[in-house]
Amino acid sequence: MNRFLRYLVLFGGALLFVFPFYYMLISSLQKEPDTTLKGAFPTGGFTLDNYTAIDDRVDLGQSLVNSGIFTGGVLLGTVVFGVLAGYALARLHYRGRGTLFAVMLLVQTIPFQLLIIPIYVMIVRTYGLADSYLGMIVPFAINSTAVFLFRQFFLQLPEELFAAARLDGASELRILWSVALPLVRPAVLTAILLTFIGPWNEFLWPFLVTKDADMQPLAVSLANYISNVAGRAANPYGAILAGAVVLSVPAVALFVAFQKHFTASDLGSGVKG
C-alpha cells in the first residue's frame with residue numbers, strides 16, 4: 001500500500017511538471033485563442049498557422065542558429081576552462097591554492113547584473129565586440145560553478161593514478177588528458193546540461209550587445225516579437241506560445257537524452273583491488 005501511494009504521488013508530481021509543456025504545445029496548435037481550462041483539452045482544429053505567423057516576422061532558423069552558436073561557444077569555454085581550472089585547484093600543489101578557491105566561491109555570490117555595466121563598456125567600447133558572437137560569448141566563457149564541479153570530481157580520483165602517471169614521466173597536461181578526463185566524463189556531461197539552459201534562455205546580455213536582428217538569438221527575437229508585433233497577429237497568444245515551443249524543445253530534448261548520465265561514473269575502474 002505504501003509503495004502504491006508513493007508511486008501515486010510521484011505520478012501526480014510528474015503530471016504537474018509535464019502539464020505546462022503540454023498546455024504550451026496544445027495552445028500553440030490552436031487556430032483560435034482559448035485561455036479557459038477547456039482550451040487545454042481541445043477536440044480538433046489544430047493548425048500550424050501560429051508557427052507560420054511568427055516565422056514570417058522572426059527568422060526562426062537564423063535565430064536558432066544564433067542561439068546555437070552562442071550556447072555552443074559558452075559550453076566550449078565552460079568545459080575547457082572548467083577542466084583546466086578544476087584540475088589545477090584539485091591536483092596541483094602551489095602556494096595560495098586555498099585562497100584562490102575561496103575567491104572563486106566568493107565570485108559565485110556576485111550577481112551578473114551588478115557587473116553588467118563595466119562588462120558592457122569593456123566588451124563594446126574597449127574591444128568593439130558589439131553585434132558579434134564573441135561579444136555575446138566572452139562574459140559567460142568561464143563558469144565558476146563548473147570549475148567547482150570539476151574540482152570536486154578530480155578530488156575523488158585515486159591519488160595512485162596520478163602518482164603512477166608521474167613515475168612514467170607524463171606531464172600534467174598528459175595526465176589530465178589521458179588519465180583524469182576519461183574518468184570524469186559524467187562531470188563533463190553534467191556541466192554541459194547545467195550550463196546549457198543559461199545561455200540558451202539568456203536575454204539581457206545578448207539584447208544589450210546585439211542591435212542587428214540577424215545576430216540576435218531566439219530569446220531576444222521572441223521578446224522583440226512580443227513587444228512589437230504579437231498584438232497584431234491573428235492569434236497572438238498562440239503565436240507567442242509557438243515561439244516558446246521552438247525555444248524550449250532543444251533544451252527539453254537535451255535533458256531527456258542525457259539525464260541518465262547524471263549519476264553514471266567509472267571513478268573506481270582505474271584501480272585494482
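Residues numbered from 1 in each chain as written. Predicted model: local features only at pLDDT ≥ 70, side-chain atom pairs only at ≥ 80, totals over all residues. Heavy atoms only, no water.

Within the chain, the regular secondary structure consists of 13 helices and zero strands. The order of α-helices and β-strands along the chain, N terminus first, is α-α-α-α-α-α-α-α-α-α-α-α-α. Whereas a compact globule of 273 residues would reach a radius of gyration of roughly 19 Å, the chain reaches 23 Å, over 25% beyond that. Counting only C-alpha atoms, the chain reaches 70 × 65 × 30 Å along its principal axes. Burial analysis of the chain (273 residues in total) assigns 39% to the buried set. Residue pairs in contact within the chain that sit at least 24 positions apart in sequence constitute 72% of those at least 6 positions apart. In the form shown here, the chain has an accessible surface area of approximately 15,900 Å², with 68% of it arising from carbon and sulfur atoms. A distance of 11 Å separates the average location of the 17 positive side-chain charges in the chain from that of its 15 negative side-chain charges. (Helix = DSSP H or I, 4+ residues; strand = E, 2+ residues; numbered from the N terminus. Rg over C-alpha atoms; globule rule 2.2 N^0.38 Å. Buried < 20%, exposed > 50% of the residue type's maximum accessible area, 1.4 Å probe, protein only. Contact = heavy atoms within 4.5 Å. Areas by Shrake-Rupley, 256 points an atom, 1.4 Å probe, with all protein chains shown as cover. Lys, Arg positive; Asp, Glu negative; His and termini not counted. Charge placed at Lys NZ, Arg CZ, Asp CG, Glu CD.)

Mapped onto the elements, S132 comes out in the loop between helix 5 (112–126) and helix 6 (133–137). A polar side-chain atom of S132 sits 3.1 Å from the main-chain amide nitrogen of G135. (Polar contact = N/O pair within 3.5 Å; in protein donor to acceptor, adjacent residues only side chain to side chain.)

For D131, which is not glycine, the phi torsion reads 55° and is therefore positive. Of note, D131 is situated in the loop between helix 5 and helix 6. For D131, a relative accessible area of 31% translates into the label partly exposed.

In a regular helix each residue adds 1.5 Å, so 27 residues correspond to 39 Å; helix 1 (residues 2–28) covers 39 Å between its end C-alpha atoms and thus fits that length. V18 marks where helix 1 bends most, by close to 35°; the proline P20 follows one to four residues later. Packed against the buried residues of helix 1 are helix 2 (49–57) and helix 13 (236–258). (Expected span 1.5 Å × (residues − 1). Bend = angle between axes of the 7 residues up to and from the residue.)

Here the distance between the centres and the angle between the planes together describe a pair of aromatic rings. In this structure the tally under the stated criterion is eleven aromatic pairs. Between F70 and F140, the ring centres sit 6.0 Å apart and the planes meet at 70°, which makes this aromatic pair edge-to-face. With a gap of 70 residues between them, F70 in helix 3 (residues 60–91) and F140 in the loop between helix 6 and helix 7 (144–156) connect regions that are remote in the sequence. The buried category is assigned to F70, whose relative accessible area is 0%. With 5.6 Å between their ring centres and 90° between their planes, Y87 and F154 make a pair best called edge-to-face. In this pair, Y87 sits in helix 3 while F154 sits in helix 7, placing the two residues 67 residues apart along the sequence. For the pair Y87 and F154, one class covers both residues: buried. (Phe/Tyr/Trp six-rings, centres within 6.5 Å; stacked < 30°, edge-to-face > 60°.)

Turning to the pattern of salt bridges, a few remarks are in order. The final tally for this structure, using the stated rule, is three salt bridges. Note that R91 and E159 form a salt bridge whose closest N and O atoms lie 2.5 Å from each other. You can see R91 sitting in helix 3 and its partner E159 sitting in helix 8 (residues 159–167), a full 68 residues away along the chain. Look at E159 and you get partly exposed, because its relative accessible area is 41%. Here R166 and E159 are joined by a salt bridge, their closest N and O atoms 3.8 Å apart. (Salt bridge = Lys/Arg side-chain N within 4 Å of Asp/Glu carboxyl O.)

In this section: a negative patch on the surface. Together, D55, D56, D59, D131, D212 and D214 give the surface a local cluster of negative charge. When you line up the elements, D212 lands in the loop between helix 11 (204–209) and helix 12 (218–228). (Patch = residues over 30% accessible without salt bridge, like charges linked within 9 Å, V, L, I, M, F, W, Y side chains within 5 Å.)

So, on to the side chain of S221. Turning to its location among the elements, S221 is positioned in helix 12. For S221, a relative accessible area of 6% corresponds to the buried category. A polar side-chain atom of S221 sits 3.0 Å from a polar atom in the side chain of S63. In contact with S221, other than residues within four places in its own chain, are V58, S63 and Q216.

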